[in-house]
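Examining the three-dimensional arrangement
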Amino acid sequence: MISFDNVAYSYGGGALLTDITLDLAPGSFHFLTGPSGAGKTTFLKLCYAALTPTAGDLRLFEQPVTGLDRDGVAHLRRRIGVVHQDCQFLDHLSVAENVALPLTVAGMDGAAARRDLDELLGWVGLGHRRDARPPELSGGERQRAALARAVIVSPDAILADEPTGNVDWDMSQRLLTLLLELNRMGRAVMIATHDLSLIRAAKSQVQARVLRIANRQVQVAGADL
Ligand SMILES: Nc1ncnc2c1ncn2[C@@H]1O[C@H](COP(=O)(O)OP(=O)(O)OP(=O)(O)O)[C@@H](O)[C@H]1O
C-alpha cells in the first residue's frame, strides 16, 4: 500500500533520511518512534505525498509519487487520513464544520454524509461540542476532533503525528482505543510518538510493528520496546 524502495529525503542540506526500504501493508498497525528532530513528521509527510523523495522509489497504492499530478494527490488524500501534530483547525468554523471540511472539499457533503458526521462526532465523544469553536476545546477534545476529521472520508490508512502529545494518560488510552477500533475495521494505522508506554499498552491489544528512526534510517525495532 505504501512502499518505500531505497528512499532518501533531504530538505536541502545533507540527507535527513536515507536507505528507507519498507512496505506498509493494508490493515497493518505501526508505531513510528525516534528522538525529537529525527524525522518522524518528515517520514509521515512522505507517506501522504506532502513531500516527494529526493532519491529512490516511493509508491502509494501502487502509484509512483513522483508521477502524481494535482488530481492524483487530491485523490490520494481521500485514501490517507492525517492527524496533524498541531491539529490545524479553522478557528472561525465550528467543530462540526471543521470535521466536515474534507467532505466539502471532496464534494461529498450530501445528506448521508451529514448523518455520518453526527455518528462520527458521537463516536469520538464530541456530539455535545459540535457547535463549539476549536479554541474552546481541551487538548484531548482537539485531538479527537482531528481524528474525526481524518477519518470522515473513510480513508484506507490513518497517519497520526503525536496524537497523544498534550493529553493525560486516560485520554491517550481513549485515543488509542479509537485508533485500535479503526484498525479492527480494516484501516492501516501509523502513530508517530515519543511515548513508549503508549506503545507497550497497544502491543497487548494489537500486532503492531514498531519503526524506529536512528542514524537517518527507518528500521523495524526489536521486541525490546
Ligand atoms: N520545511 C523544512 N525545512 C528545513 N528543515 C526542516 C523542515 N521541516 C523539518 N525540518 C528539519 O528536519 C528535521 C526533522 O524534522 P521532523 O519534524 O521531521 O522531526 P520529528 O522527528 O518529527 O521531530 P519532533 O519529534 O520534535 O516532532 C529537523 O531538524 C527539522 O528542523
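About the cut-offs
Residues numbered from 1 in each chain as written. Predicted model: local features only at pLDDT ≥ 70, side-chain atom pairs only at ≥ 80, totals over all residues. Heavy atoms only, no water. 1 Å grid on protein atoms, 1.4 Å probe; cavity = no way out; pocket = protein on both sides within 12 Å on 5 of 7 lines; lining within 4 Å. Points joined across faces, edges and corners; volume = space filled by probe spheres on them. Helix = DSSP H or I, 4+ residues; strand = E, 2+ residues; numbered from the N terminus. Nonpolar A, V, L, I, M, F, W, Y, C, P; charged D, E, K, R; others polar.

Under an unreviewed UniProt entry, the name given to the chain is Cell division ATP-binding protein, and the source organism is Roseivivax marinus.

1. Observations regarding the layout of surface pockets
Quantified by volume, the largest pocket comes out at close to 520 Å³. Lining the largest pocket are 19 residues, and of these R77, H84, P102, V105 and R149 sit closest to its centre. Broken down by element, the residue count for the lining of the largest pocket peaks at four residues, all from helix 3 (residues 95-105). Classifying every residue of the lining of the largest pocket by side-chain character gives 12 nonpolar, four polar and three charged. The space that makes up the second largest pocket amounts to roughly 320 Å³. Surrounding the second largest pocket, 14 residues form its lining, D116, E119, L120, V151 and S154 being those nearest its centre.

2. Examining empty space enclosed by the protein
As enumerated under the stated definition, the model contains one cavity of 30 Å³ or more in all. The calculated volume of the largest cavity comes to roughly 50 Å³. As for the largest cavity, its lining consists of M1, I2, L24, S28, H30, A157, I158, L159, A188, V189 and M190. Residue assignment for the lining of the largest cavity shows that the elements contributing at least two residues are strand 7 (157-161) and strand 8 (188-192). Here the lining of the largest cavity is composed, by residue class, of nine nonpolar, two polar and no charged.

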